[in-house]
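Below, each chain spelled out in residue letters.
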Amino acid sequence: DADPPLQSLLQELSNDINTRRTVDLKVSPDDDAPYSFGLIRPTVVIGRTQLDRLSGTQVRTVLLHELIHHRRNDLVICAVQAVLTSIWWFHPAIWALNRRIQILREDCCDDFLLSQNGVESDVYCQTLLPVAAATRHNESRRLMTTVSMAHGAHALSARIGRIMDESQRRQRELCLRGLLSVLV
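If you're wondering where the values come from, they're calculated on a predicted model, not measured in any experiment. (Residues numbered from 1 in each chain as written. Predicted model: local features only at pLDDT ≥ 70, side-chain atom pairs only at ≥ 80, totals over all residues. Heavy atoms only, no water.)

*Asks:* I'd like a description of unusual backbone geometry, backed by residues and values.
*Replies:* In this model, N18 sits at a positive phi of 60°, which is unusual for a non-glycine residue. In this structure, N73 is a non-glycine residue whose phi angle is positive, near 60°. The residue N73 is located in the loop between α3 (56–71) and α4 (74–87) in this model. (Helix = DSSP H or I, 4+ residues; strand = E, 2+ residues; numbered from the N terminus.)

Next up, the structure:
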């Protein structure tokens, strides 16, 4: 389990973005990149090594990003994707759609986080780099029903370019294009 100050930070951030349910925080002894899971018991997991490497601002950014996944109910969509993929595993369109939904999910979380004005785009990008490095080493162990701040489906250079693009319109909720992708 996480230290009381870290639990307190998670609760504060959860209140800031109006997360509807209580989210648990677990600290893994591994070098795990942060990820979220749990339809019944929403949980954020972060590796002890990540906590030791990241600055306080970066830890706050990571926790906020993972909480946004819970607030947006992204894990419900992941579960639906997993069911549909198990039924139509042989169809290439389902795999392409899953990849597109994963990218849109991260874009929406990025937009939500940046629209909160709680994190500057350059700080956010500097947080993504060490998290992505840890993800590269352990992503194969993740289940399809988890979401992670640095999921491999989203090319990091394209994502950073999008984050740093000042002309990008930021939305807190799912955009029409994202909603249509999910419905398809």
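After presenting the structure, the write-up continues.
*Asks:* For helix α7 (residues 156–164), give the residues involved together with the corresponding values.
*Replies:* Every buried residue of α7 is listed here: R159, R162 and I163. Along the long axis of α7, the arc covered by the buried residues comes to 100°, so they all point the same way. (Buried < 20%, exposed > 50% of the residue type's maximum accessible area, 1.4 Å probe, protein only. Arc of directions from axis to C-beta.)

*Asks:* Break down the nonpolar core for me, with residues and values.
*Replies:* The biggest cluster of nonpolar side chains holds 31 residues, and the ones touching the most others in it are L6, L25, L63, I68 and L113. Listed by contribution, the elements that provide at least two residues to this core are α1 (4–16), β1 (24–28), β3 (43–47), α3, α5 (92–115) and α6 (121–138). In terms of residue count, α3 provides more of this core than any other element does, six residues in total. In this structure, L113 is in contact with T61, L64, H65, I68, G118, V119 and Y124, ignoring residues within four places of it in sequence. (Core = buried A, V, L, I, M, F, W, Y, C linked by side-chain atoms within 4.5 Å. Contact = heavy atoms within 4.5 Å.)

*Asks:* Explain the pattern of salt bridges to me, using residue names and the numbers behind them.
*Replies:* Taken as a whole and assessed by the stated rule, the structure comprises seven salt bridges. With its nearest N and O atoms 3.0 Å apart, the salt bridge here joins R72 to D74. Relative accessible area serves as the criterion here: at 15%, R72 is assigned to the buried category. Here D74 falls in the buried class, since its relative accessible area comes to 3%. (Salt bridge = Lys/Arg side-chain N within 4 Å of Asp/Glu carboxyl O.)

*Asks:* Break down the packing of α1 against α3 for me, with residues and values.
*Replies:* Interaxial distance between α1 and α3 falls to 10 Å at its minimum, and their mutual angle equals 50°. Relative to α3, α1 is oriented oblique. For α1 against α3, the interelement crossing comes out right-handed. Each of L6, L9, L10, L13 and S14 in α1 lies in contact with α3, whose residues at this interface are V59, R60, L63, L64 and L67. Of the residues assigned to the contact of α1 with α3, the class counts are eight nonpolar, one polar and one charged. (Axes fitted to C-alpha atoms, helices over the stretch in contact; angles between N-to-C directions. Parallel < 35°, antiparallel > 145°, perpendicular 65-115°, else oblique. Left-handed = near helix turned anticlockwise from the far one by under 90°. Nonpolar A, V, L, I, M, F, W, Y, C, P; charged D, E, K, R; others polar.)

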